[in-house]
Amino acid sequence: METPANPLLLLEGNERPPNAQGTPIYWALRDIPDGALSLPSLVDEMGDRLREEYLAWIAVMATRPIAGLALEKRMQIGAHPSFWHLSLLAEKSTLKSPNTLFSIMKLRALELTYHEGHHDALNLCVSDPRLIETLVNWCRQCKIPYRNHAPFPPIEPLIKPPRSHRLPHLIQALMVLARYIGRWARSLGSGSPHPFSKRSVTLCGYFPNIDMIQAAKGQLVSKYWGKLPELLIKRGMRLNWIWIHVPGGELSYSESLKLRRELDRQSEDHQRFMLLEESLGFAGILRGIIMFSRLALRRIPGQALREGFQLPGSNLNFWPVARHDWQRSKRGAVAMENALLATIFQRLAEAHAPDTPCFYIMENQAWERLLTSSWRRWRRGRTLGVMHSIVRFFDPRNYDHPTLLESPAYKALRPDLQLMNGSGARHFVEGASQPLNRYREVEALRFLYLGGIQPENNHDKRQDKSSRTRKRTLLVITDYIRFETEGQLRLLAGAAAKGGCDGFDEILVKPHPFYPVDEVVQQLGLENRVTLTDTPLNQLWPKVDLVYSSNQTTAVVEAMRTGRLPILIHIGADGLNLSPLWGHPRMDSVQFVGSAETLHMALQSPPPAGHLDEDFFHLDPGLSRWQRLLDEEIS
């Protein structure tokens, strides 16, 4: 056998055996030696292609024949939506399946790099058994010479799944069932109201994320819906609220139930509030169990299924990487939750009056597809999905392949209209070839406060900078995700050790309320260099000169709105770039930093301040676009 002349060397960590030959390509690092390649960085570069291929794969799998019957048909139980369209793989959530989605993209980037670089062998220095299985199968199928230099110490993923994911899938499913039953049982005797029988609108979304001060006074002010409820009530509409409780917020489920009762008591018969699980019922529990059992026991020929786990144009089968998400979706916790949600939304749709429009928080998740299909099946009115936040390039939940959008089975799961909040969302929607006739632009309810931030003249501010007498201040904005925050602050400590922070008189750190950073600051030896603050951002902007933010926070949009602040954005060693400014036309006015050395240089020579397009968010406080929409949708 000839000795390979141009092998590719895949390194899962930063260790490289002395006898391992080839061009190094790192699985989980962006900060790499000269002459090496980084798969996370290659995913950034190939983003358009990789996103398109994954969306196309979902569409192909839906209609893929499995023993003569399309997969979406095989996973359909009764008249409910196909569980394929409710699966983690089709849901494509960067929150629920971050490791799976990113691993698939990195594998495809590896395959493309191998062929485009005309490599003739693959040397492996990896420990993850799923990764080894995937790559060995690929090499054998394509007759690629390979060598595995294992064993290596296991590399811990930055995003660690909960320990419960190690339990048998049936046990995980039963845990979900117990949680839903427990919540329903707590609501018994609470007098859960029925929806209004006429002239009403339904608002469905996450809870709490509310103004807690107003809640203490018995008034609901939702940070998701802003001024819309008030506008609807002024138009003579009654509101049905459906709350999807999110754990870890300001209120526990029991506290939310207590608040729901209090708000019902004070609503003066123009608002009714329902927590999702209150509509479960004993019959719903039985139907959910039966639906789950039918899905879990339904036979899907394994070999025919596994052969489909290849992106279009690829010879690399990623079944070992996606297997866990598939099992959770067919016979595990996700399958049980979807079965229970299917019964809940059916009961809710039945309870609503005909022609009741439903606005819901849209993130393209499974529960939304169950809501829209139930609303349509029972002819309860139009459904309108509100894209409440910022659309991100690397969040594929916001996009669907055109082929899938033409599928009758999938059309039944989509809202009648999708509402986006400005040119920021429109830019990505247009770039992903989504059908714009299904979209409508309205004001950004969550971001109306940005209208109070008047963009400043960059030139004037830069000219005045040298003459200012106040201190130079660096603002560090962290995240609620542990590994993201620790990585970001670790880079700051490294840059400070190199002297990168010496030009600042003050370094303010504003932590996310869900993740205090006191201990991290002490562990990194930053306690004497930084000051922690809980001052609202709108009060901080005039006092700071440079912003160093976490990757996912939307605060960078607010910072850019000022028109005077240079922005540095942390990008983790191994993860999708989910910054709201990645892929945006104004991206050249920010700098992404992934190493202490890069941050050190950027702190000394930051990028020029940028500015947002005037209509990045629609911020009319009078909600003129919403007004016109309501004129058309609500008679």
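Residues numbered from 1 in each chain as written. Predicted model: local features only at pLDDT ≥ 70, side-chain atom pairs only at ≥ 80, totals over all residues. Heavy atoms only, no water.

Student: Got a minute to help me understand the overall build of the protein in this structure?
Tutor: Of regular secondary structure, the protein possesses 25 helices and 20 strands. Radius of gyration (C-alpha) of the protein: 26 Å, near the 26 Å computed for a compact globule of 635 residues. Counting only C-alpha atoms, the protein reaches 75 × 75 × 45 Å along its principal axes. Buried residues in the protein amount to 58% of all 635 residues. The long-range share in the protein, meaning contacts at least 24 apart out of those at least 6 apart in sequence, stands at 74%. Accessible area for the protein stands at about 26900 Å²; split by element, carbon and sulfur atoms hold 51% of it. Within the protein, one finds 76 positive and 67 negative side-chain charges whose respective centroids are separated by 7 Å. (Helix = DSSP H or I, 4+ residues; strand = E, 2+ residues; numbered from the N terminus. Rg over C-alpha atoms; globule rule 2.2 N^0.38 Å. Buried < 20%, exposed > 50% of the residue type's maximum accessible area, 1.4 Å probe, protein only. Contact = heavy atoms within 4.5 Å. Areas by Shrake-Rupley, 256 points an atom, 1.4 Å probe, with all protein chains shown as cover. Lys, Arg positive; Asp, Glu negative; His and termini not counted. Charge placed at Lys NZ, Arg CZ, Asp CG, Glu CD.)

Student: Got a minute to help me understand the pattern of salt bridges in this structure?
Tutor: Opposite charge on two side chains lets them pair, provided their charged atoms get close. Counted under the stated rule, the structure contains 31 salt bridges. The partner of Lys-96 in a salt bridge is Glu-91, and the shortest N-O contact between them spans 2.9 Å. Judged by its relative accessible area of 43%, Lys-96 falls in the partly exposed class. On the accessibility criterion, Glu-91 (2% relative accessible area) is buried. Here Arg-179 makes a salt bridge to Glu-337, at a shortest N to O gap of 3.3 Å. Here Glu-337 lies in helix α14 (residues 333-351) and Arg-179 lies in helix α7 (residues 169-187), a separation of 158 residues in the sequence. Note on Arg-179: relative accessible area 38%, which makes it partly exposed. What makes Glu-337 partly exposed here is its relative accessible area of 26%. (Salt bridge = Lys/Arg side-chain N within 4 Å of Asp/Glu carboxyl O.)

Student: Where do I start with the sheet that holds strand β1 (residues 7-11) in this structure?
Tutor: Working definition: the strands of a sheet are paired by backbone hydrogen bonds and lie parallel or antiparallel to each other. Here five strands make up an open sheet; going across it, the order is β3-β2-β1-β6-β7 and the pairing parallel. Every interior strand has two partners, whereas the edge strands, β3 (37-38) and β7 (146-148), have only one. Across four bridges, the pairing between β1 and strand β2 (residues 23-26) is parallel. Bridge pairing in β2 places Leu-11 opposite Tyr-26. Against the sheet, helix α5 (residues 98-116) touches β1, β2, β3 and β6 (121-125), its axis set at about 160° to β1. (Pairing = 2+ DSSP bridges. Axes fitted to C-alpha atoms, helices over the stretch in contact; angles between N-to-C directions.)

Student: Even after reading the chapter, I still don't get the sheet that holds strand β12 (residues 383-386), so can you show me in this structure?
Tutor: Overall, parallel pairing links the seven strands, which are arranged β10-β9-β8-β11-β12-β13-β14 in an open sheet. Both outer strands of the open sheet, β10 (271-275) and β14 (439-441), are each paired with one neighbouring strand and no more. When strand polarity is set aside, the average angle formed by the axes of neighbouring strands in this sheet is 25°. Bridge count between strand β9 (residues 238-245) and β10: five bridges; the pairing is parallel. Within the sheet, the bridge partner assigned to Trp-243 lies in β10 and is Leu-275. In the packing of helix α10 (residues 253-266) onto the sheet, the strands contacted are β8 (200-207), β9 and β10, and the crossing angle to β10 comes to about 160°.

Student: Just to check I follow, could you spell out the packing of α7 against helix α13 (residues 319-331) for this structure?
Tutor: Between two packed helices, both the angle of their axes relative to each other and the distance between the axes serve to describe the pair. Relative orientation of the contacting elements α7 and α13 amounts to 50°, with a least axis distance of 10 Å. Between α7 and α13, the crossing angle belongs to the class labelled oblique. Every pair of crossing elements has a handedness; the one defined by α7 and α13 is right-handed. From α7, His-169, Leu-170 and Gln-172 reach across to α13, where they touch His-324, Gln-327, Arg-328 and Arg-331. Of the residues belonging to the contact of α7 with α13, the class tally is one nonpolar, four polar and two charged. (Parallel < 35°, antiparallel > 145°, perpendicular 65-115°, else oblique. Left-handed = near helix turned anticlockwise from the far one by under 90°. Nonpolar A, V, L, I, M, F, W, Y, C, P; charged D, E, K, R; others polar.)

Student: Would you mind showing me how to read the state of the cysteines here?
Tutor: A covalent bond between the sulfur atoms of two cysteines is referred to as a disulfide. Counted under the stated rule, the structure contains zero disulfides. Just so you know, Cys-125 is unpaired, no disulfide at all, and the nearest cysteine sulfur is the one on Cys-139, 13 Å from it. This cysteine, Cys-139, is not joined by any disulfide, and Cys-142 carries the nearest cysteine sulfur, 7.9 Å off. You can call Cys-139 buried: its relative accessible area is 1%. (Disulfide = S-S within 2.5 Å.)

Student: Looking at this model, I keep getting lost on the side chain of Ser-103. Mind explaining?
Tutor: Within the secondary structure, Ser-103 is located in helix α5. Not counting residues up to four positions away in its chain, the partners in contact with Ser-103 are Trp-27 and Val-321.

Student: What should I look at first to understand helix α18 (residues 423-431) in this one?
Tutor: Structural remark: α-helix, 3.6 residues per turn; residues separated by three or four positions point the same way. Those residues of α18 that sit buried are Ser-423, Gly-424, Ala-425, Phe-428 and Val-429. After α18 finishes, the residue Ser-433 shows a positive phi value of roughly 60°.

Student: What's the story with the packing of helix α20 (residues 482-497) against helix α24 (residues 596-604) in this structure? I'm lost.
Tutor: Two elements in contact, α20 and α24, have axes whose closest approach is 8 Å; the angle formed by their N-to-C orientations is 65°. As for how α20 packs across α24, the hand of that crossing is right-handed. Contacts between α20 and α24 involve Leu-491, Leu-492, Gly-494 and Ala-495 from the former and Ala-596, Leu-599, His-600 and Leu-603 from the latter. Residues belonging to the contact of α20 with α24 are distributed by class as follows: six nonpolar, two polar and no charged.

Student: Sorry, what's going on with the packing of aromatic side chains here?
Tutor: We describe a pair of aromatic rings using the distance from one ring centre to the other and the angle between the two ring planes. If you walk through the whole model with that rule in mind, you get 22 aromatic pairs. For the ring pair Trp-84 and Trp-326, a centre distance of 6.5 Å and an interplane angle of 45° mean the geometry is tilted. You can see Trp-84 sitting in the loop between α3 (71-74) and α4 (88-91) and its partner Trp-326 sitting in helix α13, a full 242 residues away along the chain. The exposure class of Trp-326 is buried, given its relative accessible area of 6%. Through a chain of ring-to-ring contacts, three or more aromatic side chains come together here, namely Tyr-54, Trp-57, Trp-84, Phe-309, Phe-318, Trp-319 and Trp-326. Sitting above the plane of the Phe-393 ring, Arg-51 keeps its charged end 4.3 Å from the centroid. Sitting above the plane of the Tyr-399 ring, Arg-51 keeps its charged end 4.4 Å from the centroid. (Phe/Tyr/Trp six-rings, centres within 6.5 Å; stacked < 30°, edge-to-face > 60°. Lys NZ or Arg CZ within 6 Å of the ring centre and 35° of its normal.)

Student: I keep staring at a nonpolar patch on the surface and nothing clicks. Help me out?
Tutor: Where nonpolar side chains cluster on the molecular surface, the patch consists of Leu-167, Leu-170, Ile-171, Leu-174 and Met-175 and spans about 420 Å² of accessible area. Tracing the sequence through the fold places Leu-174 in helix α7. Classification of Leu-174 as partly exposed rests on a relative accessible area of 41%. (Patch = residues over 30% accessible without salt bridge, like charges linked within 9 Å, V, L, I, M, F, W, Y side chains within 5 Å.)

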